[in-house]
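# Examining the three-dimensional arrangement
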Amino acid sequence: MKTVLASRSIEIIKGVEVEVGSRVVKVTGPRGTLTRSFKHINMDVKVVGGKYIRVDLWFANRKQLACVRTICSHIENMMVGVTRGFLYKMRFVYSHFPINVSLSGKTVEIRNFLGEKRVRKIELCDGVEYVRSASVKDQIELSGNDIALVSLTAARIQQATNIRHKDLRKFLDGIYVSEKGAIPEEEE
């Protein structure tokens, strides 16, 4: 069964400019600019009156209807990214051998994982900042404007410490995401 018209609107956040041209959305805010192409989905994306973005999908089946909300969520994440940014906190978990994590250039290096001599190297994605938490022991913070790149970097770091050929119930060592979300606004 096809739905004649599926429509969804998003309010544009104050202080953010949105440009839409042939399904390429460009969002500009105080933290920078993000551009994303939605050409792989056949739908209408329009800025209505400078205050709203409307996503329309005509004659769609159930799978295509799901894309409407997905596109809206992506655009909302872009607007939050250029105003506040995204922050992922990761904690080191180890039982015996302390994990040593350092930054050299744009590469995160993980040493002494399970006492191994091998150095695991993970490239930081463009626009992602790495900070070693001063207040909390064994924690790193990844921040940036694009949620996809920040979460991808966090996932790569977590997957670099996957344990193979051992009992996962016993060997819980690794670097795991402990907290994620938009950077909290400073209270004045």
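A quick note: this is a predicted structure, and the numbers were derived from the prediction, not measured.

What counts and what doesn't
- Residues numbered from 1 in each chain as written.
- Predicted model: local features only at pLDDT ≥ 70, side-chain atom pairs only at ≥ 80, totals over all residues.
- Heavy atoms only, no water.
- Helix = DSSP H or I, 4+ residues; strand = E, 2+ residues; numbered from the N terminus.
- Rg over C-alpha atoms; globule rule 2.2 N^0.38 Å.
- Buried < 20%, exposed > 50% of the residue type's maximum accessible area, 1.4 Å probe, protein only.
- Contact = heavy atoms within 4.5 Å.
- Areas by Shrake-Rupley, 256 points an atom, 1.4 Å probe, with all protein chains shown as cover.
- Lys, Arg positive; Asp, Glu negative; His and termini not counted.
- Charge placed at Lys NZ, Arg CZ, Asp CG, Glu CD.
- Salt bridge = Lys/Arg side-chain N within 4 Å of Asp/Glu carboxyl O.
- Pairing = 2+ DSSP bridges.
- Patch = residues over 30% accessible without salt bridge, like charges linked within 9 Å, V, L, I, M, F, W, Y side chains within 5 Å.

## Considerations on the overall build of the chain
Per the secondary structure count, the chain includes two helices and 13 strands. Taking 2.2 N^0.38 as the reference for a compact globule, 188 residues should give roughly 16 Å; the C-alpha atoms of the chain span a radius of gyration of 21 Å, well beyond that estimate. Once the C-alpha set of the chain is aligned to its principal axes, its extents read approximately 60 × 45 × 30 Å. Per-residue burial for the chain yields a buried fraction of 34% across its 188 residues. Taking the intrachain contacts of the chain between residues at least 6 apart in sequence as the baseline, contacts between residues at least 24 apart amount to 58%. In the structure as shown, the chain presents an accessible area of about 11800 Å², 50% of it carried by carbon and sulfur atoms. When the 31 basic and 21 acidic side-chain charges of the chain are each reduced to a single mean position, those positions are 8 Å apart.

## Considering the pattern of salt bridges
Within this structure, the stated rule accounts for six salt bridges. Lys-89 is paired through a salt bridge with Glu-179; the nearest N and O atoms lie 3.9 Å apart. Highlighted residues: Lys-89 in strand 7 (residues 86-93) and Glu-179 in strand 13 (residues 174-182), separated in sequence by 90 residues. Given a relative accessible area of 46%, Glu-179 falls into the partly exposed group. The partner of Arg-120 in a salt bridge is Glu-116, and the shortest N-O contact between them spans 3.0 Å.

## Side note on the pairing of strand 2 (residues 17-21)
Inspection of the sheet shows strand 2 paired to strand 3 (residues 24-29) by five bridges, in the antiparallel sense. The residue of strand 3 that forms the bridge with Glu-19 is Lys-26. Hairpin remark: strand 2 followed by strand 3, antiparallel, with two residues in the connecting loop; positive phi at Ser-22, about 45 degrees.

## Comments concerning a nonpolar patch on the surface
On the surface, a nonpolar cluster with roughly 420 Å² of combined accessible area is contributed by Val-4, Leu-5, Trp-58 and Phe-59. Sorting the residues of the nonpolar patch by element identifies strand 1 (3-11) and strand 6 (52-60) as the ones contributing at least two each. Within the fold, Phe-59 resides in strand 6. Owing to a relative accessible area of 54%, Phe-59 belongs among the exposed residues under this scheme.

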